[in-house]
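Per-entry structural report
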Amino acid sequence: MSNFKQPVGLKVLFFAELWERFGFYTIQALLVLYLTKVFLFSDTQAYGLFSAFSALIYTTPVIGGYIADRFLGFRKAILLGSILYIIGYLLLGLPNNPYFYLALACLIWGNGFFKSCVSSFLGTFYEKNDIRRDSGFTIFYMGINIGSFLAPLICTYIAIRFGWNYGFGAAGIGMIIGLINCLYGFNKYFPEKGLPPNSSIIFKTIAGKINYQHVFWLIIIGLIALTTYLLHFETFINYALIAFSCFVVLYILLVSFTYKGEQRKKLWALIILFLFSIVFWSLYMQTFLSITLFIDRNVDRHFFNWIIPTAMFQSINPFFIIILSPLFAKLWLYLGKNKIDFSSSSKFAIGILFIGLGFICLSLNIKFMSVLGLVGGTWIVWLFFLQTCGELSLSPVGLSAVTALSPPNLSGMLMGAWFLALAGSYAVAGKIADLTAIPTNLNTSVNSAAIYYKNFVYFGWFAIFSAIILFALTPFLKKMMKST
């Protein structure tokens, strides 16, 4: 292809995802701290609710993607998700949070309709073997991280200055801006793309008797009500989601046998990538769990006369992504243009290796901590730098691989399955984080540092060992994926 200019859809969806992630990472940065400091949850209770909420956040895209594929189309699904997000953030912004669990449920289903569809919609702007694809998705990923960079800085400042609820409410304002961007961009630049399939019946009335639109909205309200109730049983949710994840993987495997030859092998390769992505994400998600409380308890956060708020450290990772994303985008484009065979599985293995090195680096620093049990903030910067290199090697490439390896009629559902792998990762991440939970009678900086050191070493070596296995499997996966 002689024209390397990115499609116009990238610009619109870039900003849609930026504002969606602004709100999402406000919750990710503040929720565990909010639960432990305001609701006075123990480490284990906070990890449990956070992992259950986050696991559901990444489970619902399977359902949202399926509904978009069969009925809504990507446009309506993205708009519906945006509206549910806004409702959830504004409910969290109410004084004393009387609708706390309802707000979380709205966010869960907002993500369900928005998240899988925005990435799948972007994939429709590229041909299957378009060498711009990995580069475009990496630029798209930079948009994600501009939002996630701004959120911990702006919303943490607002939460500290005016109150937690105002910080959550600010996320809703950002999402309103994102919704306006979608409404304008969709109608101006590509009004004929992402429409409901011809077979859709949701917005039709049959013989004046059944208004499927009313039925659809009743189902959405029922799902939100059910989710609000289930969030009170976080342990059940985590185990149920692990079982559901296994069911979806089995379903994809069974579906693969309905295809022949090359497409079947591509689906098998996708399943293997899903499984290894769980290893990466379950360790990466410690950023919002054990690493957040480690920073709060064991990192010297003094900067001259200012104590840096714990949640603001969450901006380091997206800052590095903003800086490094253009470099990685150029790297993948350079490799593609020069026909250098560097497969998706190799990039996945490198990503897992980086996450392991990050934990090893941090644990070595803990070993040489001060007598007060504190470590320097500089080492957290190095941890996030290595995590960022790993994330850029795996996450945008994973999104791209799903759109490239999926059959057209399953792209939305399989993108949802990619996010289901993230849901399974959160369920696992909560259990992993429990290993670092600090008992109340040992809640001193020195004692907590010893517990964090032991487990961070385990996390690091497990990731490195997993990366070695994936490197060994790469020749076989390359044959299965063929030209992708």
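Described below are features of the structure shown in this document. Computed from a prediction, not measured in an experiment: that's the story for all the values here.

**A short note on the layout of surface pockets**
Here the second largest pocket defines a volume of roughly 320 Å³. Forming the boundary of the second largest pocket are 19 residues, of which Phe74, Ser120, Thr124, Pro408 and Ser411 lie nearest the centre. Elements supplying a minimum of two residues to the lining of the second largest pocket: α2 (43–92) and α3 (100–123). Counting residues per element, the lining of the second largest pocket draws most heavily on α2, at four residues. When its residues are assigned to classes, the lining of the second largest pocket shows seven nonpolar, eight polar and four charged.

**Overview of empty space enclosed by the protein**
A full pass over the atoms with the stated rule returns two cavities of 30 Å³ or more. Of the volumes computed, that of the largest cavity is approximately 190 Å³. Around the largest cavity, the lining is made up of 21 residues, and of these Arg21, Tyr25, Tyr58, Tyr141 and Ser395 lie nearest the centre. Counting only elements with at least two residues in the lining of the largest cavity, the list comes to α1 (8–37), α3, α4 (133–162), α8 (261–284), α12 (377–405) and α13 (411–434).

**Focus: the packing of aromatic side chains**
The geometry of an aromatic ring pair is captured by the separation of the ring centres together with the interplanar angle, meaning the angle of the planes. Under the defined criterion, the tally for this structure stands at 42 aromatic pairs. Measuring from centroid to centroid gives 5.2 Å for tyrosine 34 and phenylalanine 39, while their planes differ by 55 degrees, and the two rings are tilted. A relative accessible area of 4% places tyrosine 34 in the buried class. In this structure phenylalanine 39 comes out as partly exposed when scored by relative accessible area, which is 31%. Aromatic side chains phenylalanine 74 and phenylalanine 121 sit 5.9 Å apart centroid to centroid with 40 degrees between the ring planes, which places their arrangement in the tilted category. Of the two residues, phenylalanine 74 sits in helix α2 while phenylalanine 121 sits in helix α3, which places them 47 residues apart along the sequence.

**Some words on the environment of cysteine 389**
Considering the arrangement of structural elements, one finds cysteine 389 in helix α12. Separated by 31 residues in sequence, cysteine 389 and glycine 358 place their C-alpha atoms 9.9 Å apart.

**Some words on α1**
In a regular helix each residue adds 1.5 Å, so 30 residues correspond to 44 Å; α1 covers 44 Å between its end C-alpha atoms and thus fits that length. Burial of α1 is extensive: 25 of the 30 residues sit out of reach of the surface.

**Here's the deal with the side chain of threonine 227**
As for its placement among the helices and strands, threonine 227 is situated in helix α6 (residues 212–230). Overall, the relative accessible area of 7% leaves threonine 227 in the buried class. With near-sequence residues (within four places) excluded, threonine 227 lies in contact with Leu56, Ala105, Ile108 and Trp109.

**Comments concerning the packing of α8 against α12**
Where α8 contacts α12, the axes come no closer than 11 Å and their chain directions differ by 155 degrees. As summarised for this structure, α8 and α12 are arranged roughly antiparallel, according to the angle between their axes. The handedness of the crossing between α8 and α12 is left-handed. Across the interface between the two elements, Gln263, Lys266, Leu270, Leu273, Phe274, Phe280, Trp281 and Tyr284 from α8 touch Gln387, Gly390, Glu391, Leu394, Ser395, Ala401, Val402 and Leu405 from α12. Partitioning the contact of α8 with α12 into residue classes produces ten nonpolar, four polar and two charged.

So, how was this worked out
Residues numbered from 1 in each chain as written. Predicted model: local features only at pLDDT ≥ 70, side-chain atom pairs only at ≥ 80, totals over all residues. Heavy atoms only, no water. 1 Å grid on protein atoms, 1.4 Å probe; cavity = no way out; pocket = protein on both sides within 12 Å on 5 of 7 lines; lining within 4 Å. Points joined across faces, edges and corners; volume = space filled by probe spheres on them. Helix = DSSP H or I, 4+ residues; strand = E, 2+ residues; numbered from the N terminus. Nonpolar A, V, L, I, M, F, W, Y, C, P; charged D, E, K, R; others polar. Phe/Tyr/Trp six-rings, centres within 6.5 Å; stacked < 30°, edge-to-face > 60°. Buried < 20%, exposed > 50% of the residue type's maximum accessible area, 1.4 Å probe, protein only. Expected span 1.5 Å × (residues − 1). Contact = heavy atoms within 4.5 Å. Axes fitted to C-alpha atoms, helices over the stretch in contact; angles between N-to-C directions. Parallel < 35°, antiparallel > 145°, perpendicular 65-115°, else oblique. Left-handed = near helix turned anticlockwise from the far one by under 90°.

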